[in-house]
Structure formats: C-alpha cells, structure tokens
Amino acid sequence: MNQTTTYRESAPGRPVSRPASPPPGRPRRGNRREWPGAVFITPHMLALGLFMLVPTVYAVYDSLQTTQLIGGTHYSGLANYSTVLHSPEFWDGVRRVLVFTAIQVPLTIAIAFFFAAVFDAGIVKYSRFFRTVFFMPFAVPGVVAAVMWSFLLLPDFGPYAKLMQDIGLGHVDFFSSRLIVPTIVVIVIWEWTGYNVTILYTSLKSIPQHVTEAAVMDGARLGTIILRLKLPMVRPTITMLVFLNTVGALQLFTEPSILAAFQPQAVSYGFTPSLYVYNTSVGSGDYNLGAAAAVVLALIIGAISLAAFAVRRRSGEFR
Amino acid sequence: MRSPIKSRQERAAARGPADTVPIHLYGLRRGTVTVLTLISGAFAVFILAPVLWLVINATKTQANVYGTPGFWFARPFHLFQNLSALGRNVSGAGIYLQWLGNTLVYAGSAAVGATVLSAMAGYGFARFRFRGANGLFYLVMSTLLVPITSVALPLFLVYAKVGLVNSVWGMILPSMVSPVGIYLMRTYIDASVPRDLIDAARMDGASETRIFLRIVLPLTVPGLVTVLLLTVVAVWNNYFLPLIIFSRNGLYPLTVGLSSLSHAAETGSKAELVPVLIAGGLVTILPLILLFLFLEKYFRGGALQGSTTG
C-alpha cells in the first residue's frame, strides 16, 4: 500500500498553496473535506457487517448451544467442539485436504509459471490463442466441470479409461480410494491453471524490457533469465497466488460433492472438512455441530494463513 | 505493491509481442520453439477436450452417451430433444429454464449492486483520508481470506432466525460484498481520476454526489465493467451458498439445479436424464464463454490489477 500513498503525496501539479496533507493513517479530525469518504464506504461496510460479521458472531454463539428434540436448545459450552475434535471423520477430511493442497497448489502454480514465462518470452507460436484457451475454464462452474470429468473418467466406459487400456496400463479406476485425490487434483488444475497463467503473465509483462535486454547482452541463457531474474521479480504475485489457491484448496467442496452423485463409494461423509460441515448441518440437521465444525475449519485456515504471513514477513518480503 | 502508474517502458512492455526482446538473441537451440508450442498445444487439448465432449454428447441419447466413443457423434441426433427437455420438469427436481432465469436474476442484480457498492467504497478509500480509513480497508481486504464455506452456514443460521431462508434477497445481498471489487476500484480510481479535477469541481461548488456521478464514474467505466463481469462470473458459478440457503427447487440457480439433476440422473429410475444433464451443462457455460470471448480485455484488465495485490 505504501507506494501508492507515496505517489499520491508527491503527485505533480498539486497547488503549492494548499497546506501539507497529514501523513496517511493519522487523519486530521473534523476535516471538512474528508467526511464524505466515510459516507461513500458506508453502504458496503453495512453489507459486510450484516452478511459477514454478524453471521460469524452468530455462528460462534450457535456452536455453543445444543438442540434436542425434547428439551429444546440450551447452552452446552464446548461440547460441540469436543465432538468435532474427537471425530475421526473430521480429521480424516482435514488430513485429506492438507495432502490435496500440498499437491495441487505447487503443481498449479509451477505449470502456470512455466506457460506464463514461455508466453512472456515470446518463444511459443500462437501464444495469444493459447492464453485465451487456457483461461476459458474460468467461465465454467465447478459443478459443470465436475459433471464433465465424472463422465470422462468413468471406469470401463469413459474415454480416458479406454485410453489407459489402449496404451497398456490396464484397468484404471480413477475413483478408487487410491486415485480419488489425484483425480480431483487433475480436475482442479484443469479449472484454475489458466487463471494463474493470466495473472503471472501480466505480472511478467510489467518487468521493464531493458532488464531482460541487459541480461541477454551479458550472455545469460533464457533459462537463467527466467529462473534467476524474472522469477524473483514476480515473487510477490506468486505469494499472493499461493494464498488464494491455498484458501480455495482447503475449502474443497464442489468437485467431491458432485463426484459423490456419480461415485458415491468414492466420497465419504467427511471427505473434506467442508463436506463434513454440510453433511452434519444440512444433511443430518445438527446445525449446532455444523457451526462448530465451520468455526474449527475457519480457525485452521486462519492459522495457516497467519503462519504463512509470519514466515513471509520475517523473510522481509511483506511490503 | 507496485504503483498502478507504470512507466512508459512498462506500459510499452505490457502492450504486446512487438515489444518483447527478439527471440534470436536468446541463442536457443533449433526446435525449442516447436517443442514448446507442442507442449502448449497438448495442454490446450487437455483444456478443450471436456468442452468438446460436452458439445458432442449433448447431441446423443442416454444409451449412446455410455455406448459410443465419447469424442465422436452418434446417431440418432438427439440435440433438439435434449434441449427441449430443459423446459420441462423431466427429473421431478425442477425445470432447467427456471433455474436459468433465476441465475440471470441473481447474477445480474448482484453484479449491479456489487459494482455500485465497490465504486462508492473504492472512491471513498482512494480519495478521502477519514478516520479509520486504513483499518477499515485492511478489514475489507482480510475478508478475502475468509472461507466461503464458513460464512455460508452462519448466513443460513441467521436467515433461519430472520426469515430469509428461501428468499432471493438472501442470495443477492451477500453477493454484493466484493473485496476484490473494492480493491480494483480503489486502484483504478487512484490511477485514472486526477485529484485536481475533483478539487476544481469542488471550487466550482459541485456537491460530493455530483462529483461522484458526473466526474468519477465516467472516468472509471472500464474498471466498472471489469467488476461487473467478475461478479457475474462469481455469482453464476456460486454453488455452496445457494445450496445451503435454498430448499425450494423453484429458487435454485443453475449450479444447484444441475447438481440435483445429477443426483436424479444417477439414482432415479427415470430414463434419459443424463443427456439432459449434459445439454444443461452446455447451456450453462455457453453464455459465460461468449461473454468472456467478446469482453476478454475487461477480464484481463481485472487480472492485471489483481497482479499488483502482492
């Protein structure tokens, strides 16, 4: 944020006669010119409060209650949390999304960086066409993507299973307990790689051309330029993508929930923590327990984000 | 964060291939370009294959979806029967066309709302330094990291208390909260609305409302379009929130409708639901893909701004 502010403060063409603006973060009180800003942000802050903050607080409150068929709702302390934390189903899901995230996020970003870098260097023909095609799944809802892949990967009948047989890999069941996580990784890579390519490509394009030229003049090889020069320059963008992809991956829900329609045996009750939340609350009607699970999931994701944030800050990368 | 104002060189570099370093200077081995183009081509096949499969299989009967090669057409040509089934309640789970209408209403109104709220808030954050502005901006940005799944269920719990379950407003209003939209609008206004213009208008006695409507909005049209499109896509593709808050199938958007159709196709005994599901999937993605192909620069505009978040 700081550089933007610096730019504003030193913007050319500002009348000299105006008194110096107060430093950012320490606004002058009662300044006649600044209060409309608060009015402009009010509608959004109101929506944010009503539809995010209030529900979150209410969910915490709800997770501390227990509803019984006979006897109604009463305060039960941390009982629901104890149930969630002692549920093997829940931890099974947590372990699975952690494994999923550890595979999917680095893989997606590595593939995306590879394509963004070669497109940026101009060493691929028809790269404009490829960029458009790669980005297209962004317009495909996860539900539709999961439906398509459910049929493409169908054991025995599906075209991909037949392909596996034709190239001599024998009978492959993409929905077996051993392959289900890699299968979902493939589906999510299909969905999100192009989005990551687009963001990385734009970021790489903003590196001044003379930097690359100077390296070429010094005799650096293309691989060296990409990995040693450009990669460090787009690291902030990569960090942001790691955050966004990780938060998305930890919430994995749509793909397994649709796969469950076609391959019920492959996706269990607590396949991911989000499925656990859905199945306990909407599925089984235990909303108090579901709220507790949602809070635990939010805390896990928050803790991982904070840890990553702290590491990043210590390594001096945080702006 | 990089400043949104780029140097002339950076802007030139962003303009395109004409400005990249001539590739013969890299001293690449012969064939490198061909190999990399083939790798990109292979990935393009991986991306396009499912969409092609969807197009082909929307024209088949259920027996042919399972019984004939997935990547080639088969007789009888059943596309129009499959499409017309979208207007009827074939599964007992609801009518596809109604879901399409609902999705248009939800995506359209949420996108307009999100754009208005984001433009106002983006302007407020970009051009005013009121008390608490920084803290509130960080609060807005931190909601980017809040898991959707842990907000959807709490929303449902609150809706159950205030009677918003099975209400269209329960879907539309929360979709208007867009931290990305605010970030984009703030960056965009910083870059394209000169302070002096606003000050000059104030000197002339223009009201704050008038300045916003007559000066700020017209100067930020491309940014507004980007926010509008990104919100349309986000709401069009949203699954978890409508799944939790709607129990009446007449209110479902496409995603939840298709999901219930999937369950009916797989578990129900009613015949011929799979091709309807496939045709429905095709009709769901076509509007967005067309929107995206024709307005690609606005989508990329969003991604461009997004790249400065780091």
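Model, not experiment: these values are computed from the prediction. (Residues numbered from 1 in each chain as written. Chains lettered and ligands numbered in written order. Predicted model: local features only at pLDDT ≥ 70, side-chain atom pairs only at ≥ 80, totals over all residues. Heavy atoms only, no water.)

Novice: Sorry if this is basic, but what is going on with the nonpolar core here?
Specialist: Grouped burial of nonpolar side chains is what soluble globular proteins tend to show. Membership of the largest hydrophobic core comes to 191 residues, with the highest contact counts inside it found for Phe119(A), Phe134(A) and Tyr123(B). Considering each element in turn, this core owes the most residues, 14 residues, to helix H5 (residues 96-127) of chain B. Looking at this core, you find at least three residues from each of domain 1 (8-60 + 62-87) and domain 2 (96-306) of chain B. Among all residues touching Tyr123(B), those that are not within four sequence positions of it are Phe40(A), Phe128(B), Ile189(B), Ile198(B), Arg202(B), Glu208(B), Ile211(B), Phe212(B) and Val216(B). (Core = buried A, V, L, I, M, F, W, Y, C linked by side-chain atoms within 4.5 Å. Buried < 20%, exposed > 50% of the residue type's maximum accessible area, 1.4 Å probe, protein only. Helix = DSSP H or I, 4+ residues; strand = E, 2+ residues; numbered from the N terminus. Domains from an automatic or database assignment. Contact = heavy atoms within 4.5 Å.)

Novice: Explanation requested: the packing of helix H14 (residues 254-267) of chain B against helix H15 (residues 274-294) of chain B in the structure shown.
Specialist: Packed helices, taken two at a time, are described by the angle between their axes plus the distance between the axes. Residue and element names in this part refer to chain B. Relative orientation of the contacting elements H14 and H15 amounts to 165°, with a least axis distance of 9 Å. Considering the angle they form, H14 stands roughly antiparallel to H15. Helix-helix and strand crossings are classified by hand; for H14 and H15 the assignment is left-handed. On the side of H14, the interface is formed by Leu 254, Leu 258, Leu 261, Ser 262 and Ala 265, while H15 contributes Val 274, Val 276, Leu 277, Gly 280, Gly 281 and Thr 284. Of the residues contributing to the contact of H14 with H15, the split by class is 7 nonpolar, 4 polar and no charged. (Axes fitted to C-alpha atoms, helices over the stretch in contact; angles between N-to-C directions. Parallel < 35°, antiparallel > 145°, perpendicular 65-115°, else oblique. Left-handed = near helix turned anticlockwise from the far one by under 90°. Nonpolar A, V, L, I, M, F, W, Y, C, P; charged D, E, K, R; others polar.)

Novice: Quick question: what am I supposed to make of the interface of chain B and chain A here?
Specialist: Interfaces are often sized by the accessible area lost when the parts come together. Of the residues lining the interface, 117 residues belong to chain B; the matching set on chain A comes to 119 residues. Counting each side, the surface lost to burial between chain B and chain A is near 10,900 Å², with a carbon and sulfur contribution of 74%. Taken together, the links from chain B to chain A amount to 7 residue pairs in polar contact (both at pLDDT 80 or more). Here the element with the most residues in the side of chain B that touches chain A is helix H2 (residues 32-57) of chain B; it accounts for 16 residues. For the side of chain B that touches chain A, the per-class residue count stands at 75 nonpolar, 24 polar and 18 charged. (Buried area = accessible area lost by both parts, 1.4 Å probe. Polar contact = N/O pair within 3.5 Å; in protein donor to acceptor, adjacent residues only side chain to side chain.)

Novice: Mind showing me how you'd approach helix H11 (residues 235-250) of chain A here?
Specialist: In an α-helix, one turn spans 3.6 residues; hence positions three or four apart end up facing the same way. With 16 residues, H11(A) should cover 22 Å at 1.5 Å per step; its first-to-last C-alpha distance of 22 Å lies within 8% of that length. Burial in H11(A) covers these residues: Thr237(A), Ile238(A), Thr239(A), Met240(A), Leu241(A), Phe243(A), Asn245(A), Thr246(A), Val247(A), Ala249(A) and Leu250(A). (Expected span 1.5 Å × (residues − 1).)

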